[in-house]
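Observations on chain architecture
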Amino acid sequence: MIMKSLIGAVTVALLFWQSCTCSLSKDNIKLDGSSTVFVISEAIAEEYKKQNQENVSIGISGTGGGFKKFCSKRIDIIGASRAITDSEKELCRKNAVDYVELPVANDGIVVVVNKENSWLNDIRVSTLRKIFEPAAEGKITKWSDVNPAWPDRKFEIFAPGIASGTYDYFTKEIVGKEHSSRGDITSSEDDNVLVHGIRSTLDSIGFFSFAYYLENQSSLKALAIINDLAGINHKPVLPTAATIQSGAYQPLARPVFLYAAKELRPNERNFVKFYLENCSKIAKDVGFVPLSEEEQKAAFTKLAEE
């Protein structure tokens, strides 16, 4: 009798555990992707939980890592700090992943140096190319190698990892080819690591999202960009919400995105809708430049059509 009761209790417990596990795996909302967009997603997820009593888990595998998971049907929603590439589109096509691209904010990539740097206030795109291009490795190692008027001291470079959409965008716009840069760079998918490296190293230069710069601007120095390779604007432009929104901060102003599979579970679709409804306000709160009304309406229209 005791044995039968024990078996019955264990059976009930197993059934309960299985139902809970299936429910959790089915209903839990998961995001991954860009460490840049993570800042917005985290804030929106907190608000969503308050209003809907549902957790949203967010990973940071970088934009490239996020697309690998997304296009392999391992996740339904990702944040991306650049648009999907042709090779990623092909992977999605092979795995029958249909998706919608939703801009959620505007951002700028900020080139920064240590706060105590007294010889740099602005920098030309051509000079950035000279520092970051593959040919610079082992040759351009001191400030004076870039400009004889600058200190004869070695500098360190801090940049996002190669899975980062920010890295992809920067190399394409500055070096002229995506994923093309020197290899002797201290890199990390965590922008906080980059901030700490530049803040604690006098002879350093690096880049990351405008939002991370704003959060740490008291201990960092942003450089104004002179877009000399475009042959249009030769004036230094600092990264600000206004210059990013207007497009004057070129070539490093960009949109950031949410990519969502067309076939979403109801709770995932509710979350994406909530994301679009709140992204402009929250983006501003966490240091991004909100979408214009026209851009936000266009994003809603895209989602409604799916």
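Relevant structure appears above.
What comes next concerns the included structure. If you're wondering where the values come from, they're calculated on a predicted model, not measured in any experiment.

The geometry of helix α2 (residues 35-52) relative to helix α11 (residues 266-285) is characterised by a closest axis approach of 9 Å and an angle of 115 degrees between their N-to-C directions. Judged by the twist between their axes, the crossing of α2 over α11 is right-handed. Here Val-37, Ile-40, Ser-41, Ala-43, Ile-44, Ala-45, Glu-47, Tyr-48 and Gln-51 of α2 come into contact with α11, specifically with Asn-267, Asn-270, Phe-271, Phe-274, Tyr-275, Asn-278, Cys-279, Ile-282 and Ala-283. Residues belonging to the contact of α2 with α11 are distributed by class as follows: 12 nonpolar, five polar and one charged.

Membership of the largest hydrophobic core comes to 89 residues, with the highest contact counts inside it found for Ile-40, Phe-70, Phe-132, Ile-205, Phe-208, Phe-271 and Tyr-275. In terms of residue count, strand β4 (residues 99-114) provides more of this core than any other element does, nine residues in total. Contact partners of Tyr-275, with chain neighbours within four places excluded, come to Leu-31, Val-37, Ile-40, Ser-41, Ile-44, Val-104 and Leu-258.

This model, assessed by the stated rule, comprises 13 salt bridges. Taking the shortest distance from any N to any O, the salt bridge between Lys-302 and Glu-101 comes out at 3.9 Å. Highlighted residues: Lys-302 in helix α12 (residues 293-305) and Glu-101 in strand β4, separated in sequence by 201 residues. Each member of the salt-bridge network shares a partner with another, and the members are Arg-82, Glu-88 and Asp-168.

Once that is clear, we can look at α12. In a regular helix each residue adds 1.5 Å, so 13 residues correspond to 18 Å; α12 covers 18 Å between its end C-alpha atoms and thus fits that length. Taken as a whole, α12 has its buried residues at Gln-296, Ala-299 and Leu-303. Buried residues of α12, viewed axially, fall in a sector of 60 degrees; they line one side. Along α12, exposed side chains directed more than 90 degrees from the buried face belong to Glu-293, Glu-294, Lys-297, Ala-304 and Glu-305. Taken together, the buried residues of α12 touch β4 and α11.

By the criterion of burial, helix α3 (residues 62-71) is predominantly enclosed, with eight of the 10 residues buried. Within the span of α3, buried status applies to Gly-62, Thr-63, Gly-64, Gly-65, Gly-66, Phe-67, Phe-70 and Cys-71.

A word on the pairing of β4. For β4, the tally of buried residues reaches 13 of 16 residues, placing the bulk of the element in the interior. Both β4 and strand β11 (residues 253-261) contribute to a ladder of nine bridges, which runs antiparallel. For Leu-102, the partnering residue across the bridge sits in β11 and is Leu-258. As defined by bridge partners, β4 adjoins strand β8 (residues 204-209) across five bridges and the pair is classed as antiparallel. Paired with Ile-109 across the strands is Ser-209, a residue of β8. Relative to strand β9 (residues 220-222), β4 runs antiparallel, the two sharing three bridges. Each bridged residue has a counterpart across the sheet, and for Asn-114 the counterpart in β9 is Leu-220.

What counts and what doesn't
Every chain begins its residue count from 1, and numbering advances along the sequence as written. Note on the predicted model: pLDDT of at least 70 is required for a residue's local features to be given, and 80 or more for side-chain atom pairs to be given and counted; whole-chain, interface and lining totals, by contrast, use all residues. Computation of side-chain values covers all heavy atoms of the structure but excludes hydrogens and water. Inter-axis angles, ranging from 0 to 180 degrees, are taken between N-to-C directions of lines fitted to C-alpha atoms, where helices are fitted over the stretch in contact. Secondary structure counts use DSSP, requiring at least four H or I residues in a row for a helix and at least two E residues in a row for a strand, with both numbered from the N terminus. Two helices cross in a left-handed way if the nearer one is turned anticlockwise from the farther one by less than a right angle. They cross in a right-handed way if the turn is clockwise. Two residues qualify as a contact provided that any one of their heavy atoms is within 4.5 Å of a heavy atom in the partner residue. Ten residues, namely Ala, Val, Leu, Ile, Met, Phe, Trp, Tyr, Cys and Pro, are considered nonpolar, four, namely Asp, Glu, Lys and Arg, are considered charged, and the remaining ones, Gly among them, are considered polar. As used here, the term nonpolar core means buried Ala, Val, Leu, Ile, Met, Phe, Trp, Tyr and Cys residues forming a set that is joined through side-chain atoms within 4.5 Å. The classification of residues rests on relative accessible area computed with a 1.4 Å probe and restricted to protein chains. Under 20% of the type maximum is buried, over 50% is exposed, and intermediate values are partly exposed. Just to be clear on terms, a salt bridge is a Lys or Arg side-chain nitrogen sitting within 4 Å of an Asp or Glu carboxyl oxygen. To estimate the expected span of a helix, count its residues, drop one, and scale the result by 1.5 Å. Directions drawn from the helix axis to the C-beta atoms are what define this arc. Pairing between strands is defined by DSSP: at least two bridges between them are needed.

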